[in-house]
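The chain contents come next:
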Amino acid sequence: MRSRIGFIGAGRMAEAMIKGLIDEGVYTPDGISAAALSESTRDRMRETYGIRMHGRAAEAAAEADVIVLAVKPAQVRGLFEEEHLVLEPRHLLVSIVAGIDIRTLETYVPGSRVARVMPNHCCMVTSCASGYAMGAGTTEDDAATVEGIFSPLGLSKRVEEDALDAVTGVSGSSPAFMYMMLDAIAEAGAGFGLAREDALQLAAQSMVGAGKMVLESGMTPEQLVDGVCSPRGTTIEGVKLLREKGFEQTVAEAVTASVRRSIEMKRVG
Ligand SMILES: NC(=O)c1ccc[n+]([C@@H]2O[C@H](COP(=O)([O-])OP(=O)(O)OC[C@H]3O[C@@H](n4cnc5c(N)ncnc54)[C@H](OP(=O)(O)O)[C@@H]3O)[C@@H](O)[C@H]2O)c1
């Protein structure tokens, strides 16, 4: 990408993104700068990725056209109201901060173009699922820039900002639900004599494969379930039990609980 990218914050998410963007060839290290508070983070990022590191957000912003805001939600206000970070008209602000909406971000950087992205932590293995929304003043080129950053990290979908709460439940929180399922599958497998680590790896690869089947086969989840359930076979027995126990309903309720919490967090601010 021709633009230069600057990260404000170089913690877990920013590092995962930086690693992925370099690995995927989207940016070279000399096109990336970042800011972090502590010297230890700055040294580590410099040494590991060869990017330019700064102690102040304004220094990273000065070297970039696209600014990724990747600090904790509680750190955002200080950045703009105490450090007085000011952005230039050339900057596109891309926030990955949970729970701070575009309108609020625009009050911090009046006149700037703002996009908001909800990635998930699978960014760390370049298998991110992100939803993004574009602010009122942005252009189609800005949307292409956001797409060009997040698509190579996994999969990205443009949505209306209101739908980002749903994205939070569907892809932000859902990896945790899937880890719980993997753990339970591995535990059950271990109960029948499989080494637990082998069971966990077999289950995890099955989850990766099932995801790929949904993404690539063109079949619906229902058709895929039918496809693996032969009458009087093994899978149908497990599927029947999950249905009797309300598995689908429970999972849907878990997603709903996460979405509701996302909405509530925005209200609390
Ligand atoms: N983790 C997830 O799964 C996930 C998913 C989606 C979205 N998010 C969002 O991503 C954001 C970052 O999360 P994270 O887990 O990466 O947080 P994190 O590991 O705590 O990283 C925060 C980073 O911000 C730096 N920082 C704080 N204040 C700063 C300032 N004034 N100027 C420059 N740098 C500053 C910190 O510096 P030091 O390193 O020196 O402390 C640190 O590098 C959050 O807003 C979160 O809501 C996270």
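Relevant structure appears above.
Basis of the calculations
Residues numbered from 1 in each chain as written. Predicted model: local features only at pLDDT ≥ 70, side-chain atom pairs only at ≥ 80, totals over all residues. Helix = DSSP H or I, 4+ residues; strand = E, 2+ residues; numbered from the N terminus. Buried ≥ 20, exposed ≤ 12 C-beta atoms within 10 Å, placed from the backbone. Contact = placed C-beta atoms within 7 Å. Pairing = 2+ DSSP bridges. Axes fitted to C-alpha atoms, helices over the stretch in contact; angles between N-to-C directions. Right-handed = clockwise from strand over helix to strand, strands pointing away. Near = placed C-beta within 6 Å. Nonpolar A, V, L, I, M, F, W, Y, C, P; charged D, E, K, R; others polar. Expected span 1.5 Å × (residues − 1).

Remarks on the overall build of the protein chain
Move 1: Of the regular secondary structure elements, the protein chain holds eleven helices and eight strands.
Move 2: Seen through its principal axes, the protein chain has C-alpha atoms that stretch 65 × 40 × 30 Å.
Move 3: Of all 269 residues assigned to the protein chain, the portion counted as buried reaches 31%.
Move 4: Long-range contacts, defined as pairs at least 24 residues apart, comprise 62% of the intrachain contacts of the protein chain with a sequence gap of at least 6.

Digging into the sheet that holds strand β2 (residues 32–35)
Move 1: Strand order across the open sheet formed by eight strands is β3-β2-β1-β4-β5-β6-β7-β8, with mixed pairing between neighbours. A strand with exactly one partner marks an edge of an open sheet, and here the two such strands are β3 (52–54) and β8 (154–158). The mean angle between the axes of side-by-side strands here comes to 25 degrees, regardless of whether they run parallel or antiparallel.
Move 2: Two strands pair when backbone bridges link them, and strand β4 (residues 66–69) and strand β5 (residues 92–95) are joined in this way by four bridges, in the parallel orientation. Within β5, the residue paired with Val-68 across the bridge is Val-94.

Remarks on the pairing of strand β1 (residues 5–8)
Move 1: Burial along β1 is two-sided: Ile-5 and Phe-7 facing one way and Gly-6 and Ile-8 facing the other are all buried.
Move 2: Examined bridge by bridge, β1 and β2 share four bridges and lie parallel to one another. Of the residues in β2, the one forming a bridge with Ile-8 is Ala-35.
Move 3: The parallel pair β1 and β2, bridged by helix α1 (residues 12–23), forms a crossover whose chirality is right-handed.
Move 4: The pairing of β1 with β4 spans four bridges and is parallel. Considered in β4, the bridge of Phe-7 is made with Val-68.

Some points on the environment of Gly-238
Move 1: With respect to the secondary-structure elements, Gly-238 resides in helix α10 (residues 235–244).
Move 2: Residues Gly-238 and Ala-143 lie 95 residues apart in sequence; the distance between their C-alpha atoms is 44 Å.

Thoughts on the site of the ligand
Move 1: Of all residues adjacent to the ligand, which total 28 residues, the nearest are Gly-9, Gly-11, Ser-38, Ala-98 and His-121.
Move 2: For the shell around the ligand, the secondary structure elements donating two or more residues are α1 and α4 (73–81).
Move 3: Of the residues contributing to the shell around the ligand, the split by class is 17 nonpolar, eight polar and three charged.

A short note on the pairing of β2
Move 1: Burial of the side chains of β2 extends over both faces: Ile-32 and Ala-34 are buried on one face and Ser-33 and Ala-35 on the other.
Move 2: Direction of pairing for β2 relative to β3: parallel, over a ladder of three bridges. In the sheet register, Ala-35 faces β3, and the bridge partner there is His-54.

Description of helix α8 (residues 196–216)
Move 1: An ideal rise of 1.5 Å per residue puts 30 Å on 21 residues; α8 measures up with 30 Å between its terminal C-alpha atoms.
Move 2: One or two positions beyond α8, positive phi appears at Gly-218, with a value near 80 degrees.

Concerning unusual backbone geometry
Move 1: Even without glycine at this site, His-84 takes up a positive phi of about 55 degrees.
Move 2: With respect to the element layout, His-84 can be found in the loop between α4 and β5.
Move 3: On the basis of neighbour count, His-84 is assigned to the exposed category, with 9 C-beta atoms found within 10 Å.
Move 4: Positive phi values are uncommon outside glycine, yet Arg-232 reaches one of about 60 degrees.
Move 5: With respect to the helices and strands, the residue Arg-232 is situated in the loop between α9 (221–228) and α10.

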